[in-house]
Amino acid sequence: MKINRFQNFFFAPKHVFVALIVAMMMFFSTGQLSAQRINMIDIIGDVDSVAAAFTKSGLKLVAKNSEDYRLVGKMAGENIELRFYFTPISRLVYKGVVITEKAFAPDSVHAAFTARVAKISKRYITPEICFFADGTSVRYVAPTPAAPGAESPLLITSDIQKIAWENMTYFINLRLYCYKRADGRIVTEYVVKNNETKYNAEMLMMPKGGDALGF
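Residues numbered from 1 in each chain as written. Predicted model: local features only at pLDDT ≥ 70, side-chain atom pairs only at ≥ 80, totals over all residues. Heavy atoms only, no water.

J.: Can you explain unusual backbone geometry? Please cite residues and give values.
T.: For Ala76, which is not a glycine, the phi torsion comes out positive at approximately 55°. Positionally, Ala76 belongs in the loop between β4 (68-75) and β5 (78-86). By relative accessible area, Ala76 is classed as exposed at 58%. (Helix = DSSP H or I, 4+ residues; strand = E, 2+ residues; numbered from the N terminus. Buried < 20%, exposed > 50% of the residue type's maximum accessible area, 1.4 Å probe, protein only.)

In structure tokens:
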């Protein structure tokens, strides 16, 4: 039985190894750029299609503004408002903001904030940057685990207002922020890096007081 050159190339051990490496690189590269999700729903794409995906999940679209779309409903068992911000010309989503409907009391808001940070950290990585109310920031330093091999405890002091995840290893196209709002609500912000760059570029093309490209 004859085996053609393509089969010889593909099935040779060395070439199989190379093919696997290339396939893995393509997979991870694609995943890194497209793995921006809120509640397991992709936010990559134009604002209308992204909003439609969330309305199918049960949220209700309540407002379409020139800069954002607003949806409300229950997500992951919690009543929230979800806002999508988009580029002015291509209308690609560059930021999604989840706001809790519940306004936590002053004596419980930090506990709720810490719980949200812990949930995000488990999904992604430990916090990277801590911001205080005065705008200053420090790098987050994880406490030493109680025992070798144990998980490091999460330490978010009450004077910390905002947490940032800006340089994640796998989700390289995503920045995340979680912060306490003055009214007691907790906000989680998802920023798609390449679409944010597109937003900035498109804003430069917008004439003052006019529509995109002046049309």
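J.: Pulling in residues and values, what's your account of the pairing of strand β6 (residues 93-100)?
T.: For β6, the buried fraction is high: seven of the eight residues fall into the buried class. Sheet topology note: the β5/β6 ladder contains seven bridges and is antiparallel. Pairing of Leu82 across the sheet is with Val98, part of β6. Linking two consecutive strands that pair antiparallel, namely β5 and β6, is a turn of six residues; a positive phi of about 60° is found at Arg91 within it. Pairing of β6 with strand β11 (residues 186-192), which is carried by five bridges, proceeds in the antiparallel orientation. Note on β11: the bridge partner recorded for Ile99 is Val187. (Pairing = 2+ DSSP bridges.)

J.: Run through the nonpolar core, naming residues and quoting values.
T.: Grouped together as the largest cluster of nonpolar side chains are 38 residues, with contacts concentrated most on Ile38, Phe54, Leu82 and Phe84. Put simply, the parts of the chain that give this core at least two residues each are α3 (47-56), β4, β5, β6, α4 (109-123), β9 (160-165), β10 (174-180) and β11. The leading source of residues in this core is α4, at five residues. In this structure, Leu82 is in contact with Ile38, Phe54, Leu59, Tyr69, Arg70, Leu71, Val97 and Val98, ignoring residues within four places of it in sequence. (Core = buried A, V, L, I, M, F, W, Y, C linked by side-chain atoms within 4.5 Å. Contact = heavy atoms within 4.5 Å.)

J.: Got a sec to walk through the pairing of β11? Specific residues and values, please.
T.: Most of β11 is tucked away: seven of the seven residues are buried. Neither face of β11 is open: one carries Ile186, Thr188, Tyr190 and Val192, the other Val187, Glu189 and Val191, and all of them are buried.

J.: Tell me about the sheet that holds β4, and please be specific about residues and values.
T.: The nine strands are arranged β3-β4-β5-β6-β11-β10-β9-β7-β8 in an open sheet whose pairing can be described as antiparallel. For this open sheet the edge positions go to β3 (60-64) and β8 (137-139), each flanked by a neighbour on one side alone. Taking each pair of neighbouring strands and ignoring which way they run, the sheet shows an average axis angle of 20°. With four bridges joining them, β3 and β4 adopt antiparallel strand pairing. Within the sheet, the bridge partner assigned to Lys60 lies in β4 and is Val72. Seen against the sheet, α3 touches β3, β4, β5 and β6 and runs at an angle of roughly 15° to β4. Running over the sheet, helix α5 (residues 193-204) touches β5, β6, β10 and β11 and is turned about 80° from β11. (Axes fitted to C-alpha atoms, helices over the stretch in contact; angles between N-to-C directions.)

J.: Pulling in residues and values, what's your account of α3?
T.: Every buried residue of α3 is listed here: Val47, Val50, Ala51 and Phe54. Across the axial projection of α3, the buried residues extend over an arc of 95°, all falling on one side. The inward-facing, buried residues of α3 contact β1 (37-38), β2 (41-42), β4, β5 and β6. In this structure Asp46 caps α3, since a side-chain oxygen of it lies 3.1 Å from the backbone nitrogen of Asp48. Residue Gly58 follows α3 closely and has a positive phi angle near 120°. (Arc of directions from axis to C-beta. Polar contact = N/O pair within 3.5 Å; in protein donor to acceptor, adjacent residues only side chain to side chain.)

J.: Run through the packing of aromatic side chains, naming residues and quoting values.
T.: A complete count under the given rule lists five aromatic pairs for this structure. Taken together, a centroid distance of 4.3 Å and an interplanar angle of 25° make the contact between Tyr94 and Tyr199 stacked. Of this pair, Tyr94 sits in strand β6 while Tyr199 sits in helix α5, and the two are 105 residues apart along the sequence. Among the residues examined, Tyr94 registers a relative accessible area of 9% and is labelled buried. A ring pair is formed by Tyr170 and Phe171, whose centres lie 4.8 Å apart and whose planes are at 85°; its orientation type is edge-to-face. Among the residues examined, Phe171 registers a relative accessible area of 9% and is labelled buried. Connected via pairs of aromatic rings, a cluster forms that spans Tyr124, Tyr170 and Phe171. Over the aromatic face of Tyr124 sits the side chain of Arg123, whose NZ or CZ is 5.1 Å from the ring centroid. (Phe/Tyr/Trp six-rings, centres within 6.5 Å; stacked < 30°, edge-to-face > 60°. Lys NZ or Arg CZ within 6 Å of the ring centre and 35° of its normal.)

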